[in-house]
Amino acid sequence: MTIYALSTTEGQSGVAIIRVSGTKAKECIKVLTGRNPKPRYAELTNITSSKKEIIDQAITLFFPEGKSFTGESVAEFHLHGSSAVIKKVLLELSKIKGLRLAKPGEFTKIAYINGKLNLLQVEGLRNLIRAETDEQRRQAFRHYSDQATNKYFSWLEDLRNILALVEASIDFSDEEMPGDIYNVARKKINKTILELRKHLKSEKQGAVIRDGIKIAILGKTNSGKSSLINYLSKRELSIVSKNPGTTRDVLSVQMEFSGIPVTIYDTAGIRSTKDEIEEEGKRRALITGTIADIRVFIGDNSLKRPFKDISLTKQKEDLVVMNKADLKKANNEKRDVTISLKKNKGLDRLVDKIVARVKEISSVYSGPVITSEREFGHVKSALQSLERIKYQDPALDSEEINNALVEIGLITKKTHNEEILGRIFNDFCIGK
């Protein structure tokens with residue numbers, strides 16, 4: 001069966017690309033242009049309907065089997081990106097016998113089945129398509145290219161060499177076995193264990209790059225929370241008023257700091273109250289504080305107890321900010337920075353400190369990081385197998401090394417597990 005779909009975003013654009021993959025790809029170009037395409041040659045030609053009406057002038061490309069993204073014969077039509085042109089060309093393709101519309105991710109799935117991509121690269125491509133920030137793009141490309149794959153291939157090679165040493169010790173009697181062969185294996189195993197432990201820690205950075213960092217602004221009523229989120233987002237997101245308790249629910253805005261996606265939350269003021277709605281806002285504010293990666297506690301410089309009713313248990317990533325520096329200082333609270341939102345003072349320093357916290361959280365590891373639960377699970381299982389080695393029975397140790405080899409191999413190896421494949425490919429758009 002030959003499949004086809006629009007491979008670019010729907011809507012008006014300068015160029016739209018329709019992709020065809022399968023045995024009838026070359027025939028599609030002949031039917032729509034009347035030309036016999038040369039392999040890997042871009043040609044400007046008219047696209048015509050079955051009634052010989054010119055639909056558009058477009059660039060056509062033909063990639064022969066084995067020389068394309070999917071591994072099958074592929075045709076591409078680079079059209080003007082109007083809805084009318086796209087719909088008409090898709091309609092003409094639907095008239096060709098043996099063609100059907102592609103399912104979400106089907107082009108990539110065919111590429112995977114044909115060995116053009118391994119499972120790790122497929123996940124990288126999915127994340128590359130989704131990437132919204134520069135760091136997400138970098139990390140996704142490390143997986144889509146061979147950087148992450150080569151890292152696992154290197155561990156596979158190391159484990160095979162270790163296995164050869166351990167199995168060699170089984171084949172020798174105690175009298176014949178070279179004295180240090182097992183010690184060499186032990187050193188190599190310990191080295192691999194340290195590398196896998198370090199790689200497992202990268203999962204946190206992968207999650208940060210993928211899901212972003214949550215920053216919660218917490219404080220009493222009228223401390224300047226709403227003004228701060230408006231300043232950071234450069235939007236009038238939150239209502240600013242002298243009346244206390246204006247913010248009743250959690251408001252949020254998505255931003256980007258140093259290539260990392262960040263969600264900033266403005267929360268209801270925390271104070272003792274009998275108002276049912278305000279009490280619910282306070283409850284939600286405290287919950288938001290528990291899930292945040294960074295908490296910005298903002299207090300009023302002119303109050304003796306700027307954090308009354310707030311459980312101020314400062315973590316390493318948190319910031320204590322004292323607002324209203326233009327008013328007389330009335331407390332000796334420890335603070336990371338003093339600002340005045342009214343007078344626009346100290347705000348650059350505050351932003352620098354937030355960016356520093358974001359970088360610290362997101363930059364704990366360099367190189368390809370773990371980006372999925374599937375990848376994390378296999379690395380963890382491989383590590384656990386190596387950690388079970390007791391260096392007492394070479395036969396048992398060999399079995400654990402084999403288990404680790406299997407787990408690392410599954411990260412890139414082809415699988416027929418439909419649940420895993422469905423979870424990965426169903427996240428793709430049609431045409432990808």
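A quick note: this is a predicted structure, and the numbers were derived from the prediction, not measured.

J.: Outline helix α8 (residues 225–233), supporting the account with residue identities and numerical values.
T.: Note on helix geometry: an α-helix contains 3.6 residues per turn, so any two residues three or four positions apart are oriented the same way. Taken across its nine residues, α8 has seven buried, putting it largely inside the fold. Buried residues of α8: Lys 225, Ser 226, Leu 228, Ile 229, Asn 230, Leu 232 and Ser 233, and no others. Those residues of α8 that are buried are in contact with β7 (213–219), β8 (251–257), β9 (260–266), β10 (294–300) and α10 (347–362). Downstream of α8 by a residue or two, Lys 234 has a phi angle that is positive, lying close to 55°.

J.: I'd like a rundown of the sheet that holds β10, residues and numbers included.
T.: As summarised here, the arrangement of the six strands in space is β8-β9-β7-β10-β11-β12, forming an open sheet in which the pairing is mixed. The open sheet has two free edges, formed respectively by β8 and β12 (337–338), since each of these has just one partner strand. One ladder, built from five bridges, connects β7 with β10; its direction is parallel. Residue pairing across strands places Leu 218 opposite Phe 297, the latter belonging to β10. The strands touched by α10 within the sheet are β7, β8, β9, β10, β11 (319–323) and β12, with β11 carrying the most contacts at an inclination of about 170°.

J.: Give me the lowdown on the environment of Glu 157, citing residues and values where you can.
T.: Following the sequence through the fold, Glu 157 ends up in helix α6 (residues 147–171). With a relative accessible area of 40%, Glu 157 lands in the partly exposed category.

Rules of the game
- Residues numbered from 1 in each chain as written.
- Predicted model: local features only at pLDDT ≥ 70, side-chain atom pairs only at ≥ 80, totals over all residues.
- Heavy atoms only, no water.
- Buried < 20%, exposed > 50% of the residue type's maximum accessible area, 1.4 Å probe, protein only.
- Helix = DSSP H or I, 4+ residues; strand = E, 2+ residues; numbered from the N terminus.
- Contact = heavy atoms within 4.5 Å.
- Pairing = 2+ DSSP bridges.
- Axes fitted to C-alpha atoms, helices over the stretch in contact; angles between N-to-C directions.

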